Amino acid sequence: MNLPSFKHYSQIRQFLAQRLPDGLILLKGGNPIVRNGDVEYPFRQQSDFLYLSGFEEPGAWILIDPKRKKDVLFIPKADEHHLVWIGTLPTLEESRKRYGFSKVCYQDDLKSEIKKSFNGYRKIYAPKEAKDELKHLGRHSIFPEDLREALEELRAVKIPGEIELLKVSNRVSGDAHIEVMRQTRPGQYEYEAQAVFESECLKSGLSSLGYPSIVATGKNAAVLHYNKNSDKIKDGDLVLIDAGAEFRGYSADITRTFPANGRFTRQQRDIYSIVLEAQKKSISSARPGALSAELHVLSMRIIAEGLKSLGILKGEVDGLIENGAVRVFYPHGLTHMLGLDVHDVIGGKKRCVPNPTKVPVRFSAKLEAGFVITMEPGIYFIRFLLENPKIQEKMKAQINFKAVKNFLHFGGIRIEDDILIRSVGAALNLTHVPKEINDIERICAEGREFENRKKRF
Ligand code: GLY
Ligand code: MN
Ligand code: MN
C-alpha cells in the first residue's frame with residue numbers, strides 16, 4: 001500500500017498562522033495517561049496536535065510565529081532510561097525532514113525559544129495548560145478560546161492530504177468488515193467477530209481504533225452503543241458491527257448488518273430494505289448547502305413510510321415525525337462530522353445554523369465542500385421503549401403495538417458509510433463495503449465456500 005506523505009501538515013500550520021496573525025501560537029501535545037500501577041494506556045496524540053503536525057509521540061510542543069513565518073516542533077530527547085526500556089525516538093534532523101517544520105528542537109529549549117519568538121507580540125494563542133511555560137515572559141495575554149475556535153473552523157473542512165488519510169482508514173476498515181462477513185458463523189461469540197475485525201486492521205498496520213468496536217447480535221443490536229460483545233451468535237440472528245480503525249488519527253466509522261447464517265429472512269429483508277433506501281437517498285441528497293437537519297428529516301420520512309407499509313406505524317408521515325413516533329424506532333442522528341475524532345468538531349460557532357425543522361437534532365449544520373460526514377440511519381426494536389406502558393398509551397394511535405410484538409426479538413439494523421461532500425458532482429462515498437442484500441449474501445456464501453474448499457484439500 002502506498003502511504004500518504006506528510007506534506008500537507010505545513011500547509012495546515014500556514015492556515016492557522018493566517019487565521020491568527022497577531023499572536024504567537026503555542027500547542028501542547030499529549031502525555032501518557034496512567035492506567036493502573038505503572039502501566040500506561042497506549043498513547044494516542046491529542047487531536048489538534050496531530051492535525052498540525054502528524055507527530056505521534058508524547059511530550060511534544062509546537063510554536064508558530066506568524067510574523068516571521070516560522071514554525072518549531074519541540075520533541076522529547078530519549079535519555080538512557082528511555083533507550084534501554086522503550087527504544088529510540090526520531091532525531092532532530094529526521095523529524096525536521098519528515099514533519100516539514102522550519103526548525104526542530106528538544107523540549108529543553110522550549111522556554112528560551114518562546115522568549116526569543118515573543119519579541120514584537122503581546123498576544124499568545126495557547127491552551128490554558130501552557131501557562132507554566134509562559135510565566136517567564138513579560139506582559140502578555142493568553143487567548144485559549146480564540147485558538148480553540150480557529151482550530152475548530154479549520155478542522156471541519158478537510159484538505160486533500162487529510163482525505164488521503166481518511167481513505168486509508170476506510171480502505172483498511174472496509175476490508176476488515178468484509179472479512180467479518182466472510183468468517184462469522186452461528187455458534188461463535190460476538191468477540192470472535194470483533195477479533196476478526198481488529199486483527200485485520202492490525203495486520204494492515206492500523207493499531208488503533210477510532211472508538212470501541214460494537215458487535216451486537218440479535219436483541220443486543222437494539223442497544224445503540226452496545227460494546228460488551230460477549231454473547232453467543234445464534235442461527236437466525238443479525239450481526240450489527242459498527243467499527244473503524246484510525247490512520248494517523250483519522251478514523252473510519254462504518255456499520256454493516258448481516259445475517260449470521262448468511263441468508264436474510266423475509267422480516268429482516270423488509271426492515272433492511274427500508275434502512276438501505278433511507279441511507280442511499282440521504283447520501284444522494286448530501287451536497288454543499290444542504291442542511292444536516294433536513295437530511296435527517298428526509299431519512300425519518302423514508303423510515304416512517306417503510307414502517308407504515310409494514311403496518312407498524314399508522315397515520316400521516318409528517319405527524320409521525322413530529323410527535324416522536326419515528327424516534328421510538330430511530331432514536332439517533334443521521335449524521336455527524338468525521339475526522340481526527342470519530343464525532344469530529346462541527347466547525348466553530350459561526351457554523352451553528354438554526355434548525356429549521358420541528359425535529360430536535362444534535363448536529364445542525366449547512367454542509368460544505370470538504371466536510372466528511374457519516375450517513376447512518378437505523379431501525380431498532382427497543383423493548384424498553386416498546387413495552388413501556390406510558391409510551392404505549394401515548395403512541396397508541398401511531399404505533400401498532402400488536403404488530404410490533406412480532407419484532408420484539410429483532411434487535412436492530414444500522415447501515416453507516418463515510419461521505420466526502422464535494423463542490424461539484426455527487427458526494428464521494430469513502431466506504432467500499434457492499435451493502436445491497438444480494439452482495440452481502442454473496443460475500444457470506446463466498447466465506448463458506450472458501451472454508452469448505454480448505455477442508456477438502
Ligand atoms: N460509532 C459511533 C457512531 O456511529 O456514531
Ligand atoms: Mn457514526
Ligand atoms: Mn458508527
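Residues numbered from 1 in each chain as written. Chains lettered and ligands numbered in written order. Predicted model: local features only at pLDDT ≥ 70, side-chain atom pairs only at ≥ 80, totals over all residues. Heavy atoms only, no water.

J.: Even after reading the chapter, I still don't get the coordination of the manganese ion (ligand 2), so can you show me in this structure?
T.: Between any two of four tetrahedral donors, the ideal angle at the metal is 109.5 degrees; between two of six octahedral donors, it is 90 or 180 degrees. Distances from the manganese ion (ligand 2) to its protein donors, Asp253 (OD), His336 (NE2), Glu376 (OE) and Glu416 (OE), fall at 2.0 to 2.2 Å. Given six donor atoms and angles of 50 to 154° at the metal, the environment of the manganese ion (ligand 2) is assigned as irregular. Expressed as a motif, the donor residue spacing for the manganese ion (ligand 2) is D-x82-H-x39-E-x39-E. The metal-metal distance between the manganese ion (ligand 2) and the manganese ion (ligand 3) comes to 3.3 Å, with Asp253 coordinating both. One end of the pair, His336, is in the loop between α13 (325–329) and β15 (372–375); the other, Glu376, is in the loop between β15 and β16 (378–380), and 40 residues separate them in sequence. The same class applies to His336 as to Glu376, namely buried. (Donors = N, O, S within 2.8 Å, 3.2 Å for Na, K, Ca; no water. Tetrahedral: all angles 85-135°; square planar, octahedral: opposite > 155°, others 65-115°. Helix = DSSP H or I, 4+ residues; strand = E, 2+ residues; numbered from the N terminus. Buried < 20%, exposed > 50% of the residue type's maximum accessible area, 1.4 Å probe, protein only.)

J.: Before we go on, may I ask you to explain the site of ligand 1 in this structure?
T.: Taken together, Tyr211, His225, Asp242, Asp253, His336, His343, Glu376 and Glu416 make up the full set of residues near ligand 1. In this structure, Glu376 approaches ligand 1 through a side-chain N or O atom, which is 3.0 Å from an oxygen atom. Within the side chain of Glu416, a nitrogen or oxygen atom sits 3.2 Å from an oxygen atom of ligand 1. When ligand 1 is considered free in solution it has 190 Å² of accessible area, and contact with the protein chains removes 93% of it. (Near = heavy atom within 4 Å. Polar contact = N/O pair within 3.5 Å; in protein donor to acceptor, adjacent residues only side chain to side chain. Areas by Shrake-Rupley, 256 points an atom, 1.4 Å probe, with all protein chains shown as cover.)

J.: What should I look at first to understand the packing of aromatic side chains in this one?
T.: Any two aromatic rings considered together are summarised by their centre-to-centre distance and by the angle between their planes. All chains considered together, the criterion is met by ten aromatic pairs. Geometrically, the ring pair formed by Phe55 and Tyr99 is edge-to-face, given 5.3 Å between the ring centres and 75° between the ring planes. Of the two residues, Phe55 is situated in the loop between α2 (47–53) and β4 (61–65) and Tyr99 in helix α4 (residues 92–99); the sequence distance between them amounts to 44 residues. Side by side, Phe55 and Tyr99 carry an identical accessibility label, which is buried. Grouping aromatic residues by their ring pairs yields a cluster made of Phe6, Tyr9, Phe55 and Tyr99. Directly above the aromatic system of Phe101 lies the positively charged group of Arg13, at a separation of 3.5 Å from the ring centroid. (Phe/Tyr/Trp six-rings, centres within 6.5 Å; stacked < 30°, edge-to-face > 60°. Lys NZ or Arg CZ within 6 Å of the ring centre and 35° of its normal.)

J.: Honestly, the coordination of the manganese ion (ligand 3) in this entry has me stumped. Any pointers?
T.: Coordination of the manganese ion (ligand 3) by the protein comes from Asp242 (OD), Asp242 (OD), Asp253 (OD) and Glu416 (OE), over a distance range of 2.1 to 2.4 Å. In the primary sequence, the donor residues of the manganese ion (ligand 3) line up as D-x10-D-x162-E. Look at Asp253 and you get buried, because its relative accessible area is 4%.

J.: Quick question: what am I supposed to make of helix α7 (residues 144–156) here?
T.: Three or four residues apart is the spacing at which side chains of an α-helix point the same way, because the helix has 3.6 residues per turn. Over its 13 residues, α7 runs 19 Å from end to end, which matches the ideal 18 Å to within 8%, given 1.5 Å per residue. Of all the residues in α7, the buried ones are Leu147, Glu149, Ala150, Leu151, Glu152, Glu153, Leu154, Arg155 and Ala156. Of the surrounding elements, those touching the buried residues of α7 are α1 (8–19), β1 (23–28), α2 and β7 (123–125). (Expected span 1.5 Å × (residues − 1). Contact = heavy atoms within 4.5 Å.)

J.: Help me understand the pairing of strand β10 (residues 214–217), please; the structure alone is not making it clear to me.
T.: Burial along β10 is two-sided: the residues Ile214 and Ala216 and Val215 and Thr217 are all buried. Inspection of the sheet shows β10 paired to strand β11 (residues 238–243) by four bridges, in the antiparallel sense. Directly across from Thr217, in β11, lies its bridge partner Val239. (Pairing = 2+ DSSP bridges.)

J.: Please explain the environment of Gly339 as it appears in this structure.
T.: One can find Gly339 in the loop between α13 and β15. For Gly339, the residues in contact, after removing those within four places along its chain, are Lys158, Leu166, Gly249, Tyr250, Ser251 and Asp344.

J.: Honestly, the sheet that holds strand β18 (residues 417–420) in this entry has me stumped. Any pointers?
T.: Spatially, three strands are ordered β15-β18-β19 in an open sheet, and the strand pairing comes out antiparallel. Unpaired on one side and paired on the other, β15 and β19 (428–429) mark the two borders of the sheet. Pairing of β18 with β19, which is carried by two bridges, proceeds in the antiparallel orientation. The residue bridging Leu420 from the neighbouring strand is Leu428, located in β19.

J.: Sorry, what's going on with the pattern of salt bridges here?
T.: Oppositely charged side chains are able to pair whenever their charged atoms sit close together. Summed over all chains, the structure comprises 39 salt bridges. Between Glu93 and Arg96 there is a salt bridge, with its nearest N and O atoms 3.0 Å apart. Here Glu93 pairs with Arg96, and both are found in helix α4, just three residues apart, close to one helical turn. Note on Glu93: relative accessible area 40%, which makes it partly exposed. In this structure, Arg269 and Glu441 form a salt bridge, with 3.3 Å as the shortest nitrogen-oxygen distance. With Arg269 in helix α10 (residues 266–284) and Glu441 in helix α17 (residues 437–456), this residue pair connects regions lying 172 residues apart in the sequence. Given the relative accessible area of 23%, Arg269 is considered partly exposed. A residue is classified by how much of its surface remains accessible, and Glu441, at 8% relative accessible area, is buried. In this structure, a network of salt bridges that share partners links the residues Asp48, Arg148, Glu152, Arg155, Lys158, Asp341 and Asp344. (Salt bridge = Lys/Arg side-chain N within 4 Å of Asp/Glu carboxyl O.)

J.: Honestly, the sheet that holds β10 in this entry has me stumped. Any pointers?
T.: To summarise the sheet geometry, strands pair through backbone hydrogen bonds and adopt either a parallel or an antiparallel arrangement. In space, the three strands of this open sheet follow the order β10-β11-β14, with antiparallel pairing throughout. The outermost strands of the open sheet, each flanked by one partner alone, are β10 and β14 (254–259). The mean angle between the axes of side-by-side strands here comes to 10°, regardless of whether they run parallel or antiparallel. When β11 meets β14, the two strands line up antiparallel, connected through six bridges. Its bridge partner lying in β14, Leu240 is registered against Thr257. In this fold helix α8 (residues 160–183) packs onto β11 and β14, with an angle of close to 15° to the strand it touches most, β14. (Axes fitted to C-alpha atoms, helices over the stretch in contact; angles between N-to-C directions.)

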